[in-house]
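Observations on the model geometry
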Amino acid sequence: MIRGAAAAAVVCFGLSLPAGSAAASDWCRLDDPAAWAAGGERGCAAPADPQALPEELALPLPCGRRAVFRRIIVPASSPLDHELVWLGAPESAGGGADDLSAVVNAPRRVPLAGGFTTDGGRAYYIGKYELPAHHWDLLARGLFSTDTPQEHDRAACAEYDRALEGLTPRRALPAGGLSWYDATAFTRAWTEWLMALDRARLPSHPPVLPWEQGTPAFVRLPTEVEWEYAARGGQARQEDAVTAPTHLVRDPATGAPRPGRLEEIAVLSQSGAAGSGGRRSPLQGIGTGLPNLAGLHDTLGNVDEIVFDLFTLTRPDRPHGQPGGHVVKGGNVFTPPSGLSVAHRREVPFFDLRGERRSATTGFRPLLAPPVFVSSRPANGAWQSGLHNPAQVAALGQARAALTQSASAERGAVREQLNRLGREADDGRLAAATLQEQLRDIQLSLDRSNAELNARDREILRQQVQSVVLIGKTIGDIGTNTFVVRRDLEALLADAAGMTADAGFARRVKGLRQALRGQDQSLSAAFGFYVGNVAALAGQSTAAVDDALAYLKGEMERQGLEVLRPPLDHVAGHVAEMRAANGTLASDRSREWLYTLDRTRRTREERFGPQE
C-alpha cells in the first residue's frame, strides 16, 4: 500500500487517488480476490471505461478501494421487451397440505428487464462478490463524505489502511450482521458519494458512474428476480430451474459448462476461516469457490443475501397479496445442503423485540442500474442530465403499439368492430357515456390479450427456431455416427478372410448393416423435418424470425454452447435462402444443404461409396 504524506498520488482510469489510499495495483488483492488468485497483479485487469458498459466494471470506493460488478444481459429488442424468468424450486410445486414449500417457493414466471442498452439487449450490473466486511467498514468509519469526495480524509484512510494490514484475500470475509436498512443505507451513502465524485469531475473528466443516455446509474439492492437470474448465470428457462438447482460453472480443465458441485461453489459451516482478531468465523473469504457462468462468486452459502423485495407467499396461480418482511436469497453457512439452491428464499422480519432484525450470517450483494425514464443526451455529448427525452417517449409508444397490434385476422376484426362502435358513439348514434366506458374496458382487455398472445407467439417462435437448430445438429451427429459404423463394417470385412462361415461374424456384420439402414432412415427423416421447418419459418415475419435467431444466438453465447453455433448459422442462411426462393427448394440446393449439415457425407461417399 502507499503510505505517508510524501507518497505520490496514483491515477486509475482518470481517478486521482490520494496518498494514504490503496494503490492501483493493490486494490485488487482484497477487492477482487479471485482475479488476484488467478495471477496476482497480472490477473487483475485495469478498470475499464464505465461508459463502454464492459463485462466487468470496478466502481471506486473511499480510500482507493473498488467494488467489482458483472454485467448481466437480458435479451430485448425494444424498450418494453422483457424475459419471463422461471424462479423457484420444482420440488415445491406438488407439496401436500402440511408442506410449506408449496406456498413459499413454488415455480413461477416473473418478468425481468435490464436498464442499460447493449448490443445483446438490456443489462444491469450486480456485485461479483458479496459485499466484503472491509467495504462495510468504510461506512462504519464515516468515510463516505460528500464534501470533498476526491480528497479522502488522509488520517482516516491511513487508520483504515492500518486496520487492513495482515488481511489476506482468503480472510476477506463478507459483511454480516446487517439489516435491510443497513444494506439500503450503504447503497445510499455509496451512491451519494459517487454522485458527488462525478460532480467534482465533470465536465473536465468523464464520470465514474455509467450513464444511460443522459442519466447516471445508482447503486441499490437487487430485486429477487434480478438476483436469481444472475445467480443462475443468466438462465431463464423452466428446464434450468428443474435441472440446475445449484448453477452451471465453466469446468476449469475443459472450459465447458457443467453443473457445479456443491462443495465447489457453496460456503458451508465446516469450511470456516479465522476472522480478524484470531476468532474463528463460520464464514469464508469471498471468491474462494468457482464462479457461475455470469462470473459471480458465493451465491450459495456464506451469508444470506438481502434483496429489495417484500416477502409474499406463492399461490398456485400467482403471488399472494399479503406482503411481509423482506426476502433473503442463497442460504448461509448453516443452511442444510439438501435445501441449498439458487432458488432458496426466506422471509426475514424487518424488526423483532431487540429492534432491527440482524443476523451474523446476513449480508448483501449490490446492484447498479439506471432509472426507467432517462434524460436525453445532449447533441454536443456533454454530461448533462434532466433534459426531456422525446426519443424515449416515441420508442415506448412504438413498442406498446407493436405489443397490442393484432396478430391474427380474427383479433383484427374484433378491433375494427370496436373502433366502429367507438365512432358511432362519438357521433351520438349510441348512448355515448355508458358505451364509451364499456368500450374502454373492452379495449384495455383486448390490448392486454393481444400483448399476452403476442408474447406467447414470440416464445413459440423461439422454441421453433431452437428445434430447427437442434434438428440440424442431429443431422450432423447421425452422419458422424454413420461414418463410424461404415468404418467399423469395412474394417470387419477387411479382416474377415476365412471367417465368413463363423456365425458370430455374420451376426456382427448383419447388426452393423441394420444399424446403417436405421441411421440412413433417421437421417432422411431428420432432413425432411429440417427442410419443412425451415420453409415454415421462411413463411413467417422476417423481423420475428430474425428476433428469435438473435435471441437464440445470445443465449448460446451466454451459456457457452459453441457446439450449436454452426447449425444456428446454417438455419439463418437457409431461412433467408428459402424466403428468397418463395418457399421452394431446388433439388441441387437441397442436396447442398444436406452436405452442409451432414459434415461427413462427402467423406463417406469418397471412402466407402454409396450406402448399401
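Residues numbered from 1 in each chain as written. Predicted model: local features only at pLDDT ≥ 70, side-chain atom pairs only at ≥ 80, totals over all residues. Heavy atoms only, no water.

1. Concerning a nonpolar patch on the surface
A contiguous nonpolar patch, built from L100, V103 and L313 and spanning about 250 Å² of accessible area, is present on the exposed surface. Position of L100 relative to the elements: it lies in the loop between β5 (83-87) and α3 (101-104). A relative accessible area of 62% means that L100 is categorised as exposed. (Patch = residues over 30% accessible without salt bridge, like charges linked within 9 Å, V, L, I, M, F, W, Y side chains within 5 Å. Areas by Shrake-Rupley, 256 points an atom, 1.4 Å probe, with all protein chains shown as cover. Salt bridge = Lys/Arg side-chain N within 4 Å of Asp/Glu carboxyl O. Helix = DSSP H or I, 4+ residues; strand = E, 2+ residues; numbered from the N terminus. Buried < 20%, exposed > 50% of the residue type's maximum accessible area, 1.4 Å probe, protein only.)

2. Examining the environment of R558
On the secondary structure map, R558 appears in helix α14 (residues 542-559). Given the relative accessible area of 18%, R558 is considered buried. A sequence separation of 323 residues divides R558 from Q235, and the C-alpha atoms of the two residues are 8.7 Å apart. Look past the residues within four positions of R558 in its chain and what remains in contact with it is I73, P75, R250, L293 and Y551. (Contact = heavy atoms within 4.5 Å.)

3. Topic: the side chain of H326
Note that H326 resides in strand β19 (residues 326-329). Overall, H326 belongs to the buried group, its relative accessible area being 2%.

4. Regarding the packing of α14 against helix α15 (residues 565-580)
Here α14 crosses α15 at 170 degrees, and the two axes come no closer than 10 Å. Here α14 is positioned roughly antiparallel relative to α15, judged by the angle of their axes. Residues T542, V545, L549, L552, K553, M556 and E557 of α14 pack against R565, L568, V571, A572, V575 and R579 of α15. Across the contact of α14 with α15, the residue classes tally to 8 nonpolar, 1 polar and 4 charged. (Axes fitted to C-alpha atoms, helices over the stretch in contact; angles between N-to-C directions. Parallel < 35°, antiparallel > 145°, perpendicular 65-115°, else oblique. Nonpolar A, V, L, I, M, F, W, Y, C, P; charged D, E, K, R; others polar.)

5. Here's the deal with empty space enclosed by the protein
What the rule picks out here adds up to 4 cavities of 30 Å³ or more. Contributing to the lining of the largest cavity are D31, A67, V68, F69, G127, Y129, E130, L131, P132, H135 and P366. Of all the elements, strand β4 (residues 66-74) adds the most residues to the lining of the largest cavity, at 3 residues. Split into classes, the residues belonging to the lining of the largest cavity amount to 7 nonpolar, 2 polar and 2 charged. (1 Å grid on protein atoms, 1.4 Å probe; cavity = no way out; pocket = protein on both sides within 12 Å on 5 of 7 lines; lining within 4 Å. Points joined across faces, edges and corners; volume = space filled by probe spheres on them.)

6. Notes on the state of the cysteines
Per the counting criterion, the structure on display carries 2 disulfides. With its sulfur 1.8 Å from that of its partner, C28 forms a disulfide with C44. One disulfide, between C28 and C44, carries an S-S torsion of -65 degrees and so falls in the left-handed class. Here C28 is found in helix α1 (residues 27-31), whereas its partner C44 is found in the loop between α2 (33-39) and β3 (56-60), with 16 residues between them in sequence. The exposure class assigned to C44 is buried, which follows from its relative accessible area of 16%. Paired through a disulfide, C63 and C157 show a sulfur-sulfur distance of 2.0 Å. The disulfide joining C63 to C157 has a torsion of about -85 degrees about its S-S bond and is therefore left-handed. Separated by 94 residues along the polypeptide, C63 in the loop between β3 and β4 and C157 in helix α5 (residues 154-164) bring together distant segments of the chain. (Disulfide = S-S within 2.5 Å.)

7. Digging into the packing of aromatic side chains
To describe a pair of aromatic rings, one takes the distance between the centres and the angle between the planes. Evaluation of the coordinates by the stated rule reveals 16 aromatic pairs. Ring centres of W180 and F308 lie 5.8 Å apart, and the angle between their planes is 55 degrees; on these two criteria the pair is classed as tilted. Taken together, the residues span a long stretch of sequence, with W180 in helix α6 (residues 180-201) and F308 in strand β18 (residues 304-310) at a distance of 128 residues. Residue class for F308 comes out partly exposed when judged on its relative accessible area of 44%. Measuring from centroid to centroid gives 5.4 Å for W180 and F350, while their planes differ by 85 degrees, and the two rings are edge-to-face. Separated by 170 residues along the polypeptide, W180 in helix α6 and F350 in the loop between β20 (345-348) and β21 (351-352) bring together distant segments of the chain. Among the aromatic residues, ring-to-ring pairing joins F69, W136, F144, F186, W190, W193 and F364 into one connected group. (Phe/Tyr/Trp six-rings, centres within 6.5 Å; stacked < 30°, edge-to-face > 60°.)

8. Looking at the pairing of β4
Within a regular beta strand, the side chains point alternately toward one face of the sheet and then the other, so they alternate between its two faces. With 8 of 9 residues buried, β4 is to be regarded as a mostly interior element. With 5 bridges connecting them, β3 and β4 associate as antiparallel partners. The residue bridging A58 from the neighbouring strand is V68, located in β4. Between β3 and β4, which pair antiparallel and follow one another directly, the connecting turn spans 5 residues, one of which, C63, has a positive phi of 60 degrees. (Pairing = 2+ DSSP bridges.)

9. So, the confidence of the model for the protein
Considering every residue of the protein, the mean pLDDT works out to 83; 82% of them sit at 70 or more. Of the regions scoring below 50 in pLDDT, residues 271-279 engages in 18 contacts with residues more than four places distant in sequence or in other chains. (pLDDT = per-residue confidence, 0-100.)

10. Here we look at helix α7 (residues 224-231)
Burial within α7 is extensive, with 8 of its 8 residues counted as buried. Buried within α7 we find E224, V225, E226, W227, E228, Y229, A230 and A231. G233 sits one or two residues past α7 and shows a positive phi near 80 degrees.

11. Regarding the nonpolar core
Counting 41 residues, the largest nonpolar core has L59, F69, F144, W190, L194, F364 and L368 as the members making the most contacts within it. Of all the elements in the fold, those that place two or more residues in this core are β3, β4, β8 (121-127), α5 and α6. When residues of this core are assigned to their parent elements, the largest contribution, 8 residues, is made by α6. Leaving out residues up to four positions away in the same chain, L59 has contacts with R65, R66, A67, F69, W190, L194, V208, L209, P210, V219 and L368. Judged by nonpolar contacts, the second largest core, of 28 residues, contains V465, V531, L549 and L597. (Core = buried A, V, L, I, M, F, W, Y, C linked by side-chain atoms within 4.5 Å.)

12. A short note on the sheet that holds β19
Read across the open sheet, the 4 strands follow the order β20-β19-β18-β23; overall the sheet is mixed. Bordering the open sheet on either side are β20 and β23 (362-364), each of which pairs with just one other strand. For this sheet, the mean inter-axis angle between neighbouring strands, taken without regard to orientation, is 45 degrees. Alignment of β18 against β19, held across 3 bridges, turns out to be antiparallel. Looking at the pairing, E305 lines up with K329 of β19.

13. A short note on unusual backbone geometry
Put simply, L202 and P203 share a cis peptide bond, and its omega is 0 degrees. Tracing the chain through its elements places P203 in the loop between α6 and β9 (211-212). Of note in the backbone geometry, Q213 takes a positive phi value of approximately 55 degrees without being a glycine. Structurally, Q213 can be placed in the loop between β9 and β10 (215-216). On the accessibility criterion, Q213 (35% relative accessible area) is partly exposed. In this structure, N302 is a non-glycine residue whose phi angle is positive, near 60 degrees. With a relative accessible area of 0%, N302 lands in the buried category.

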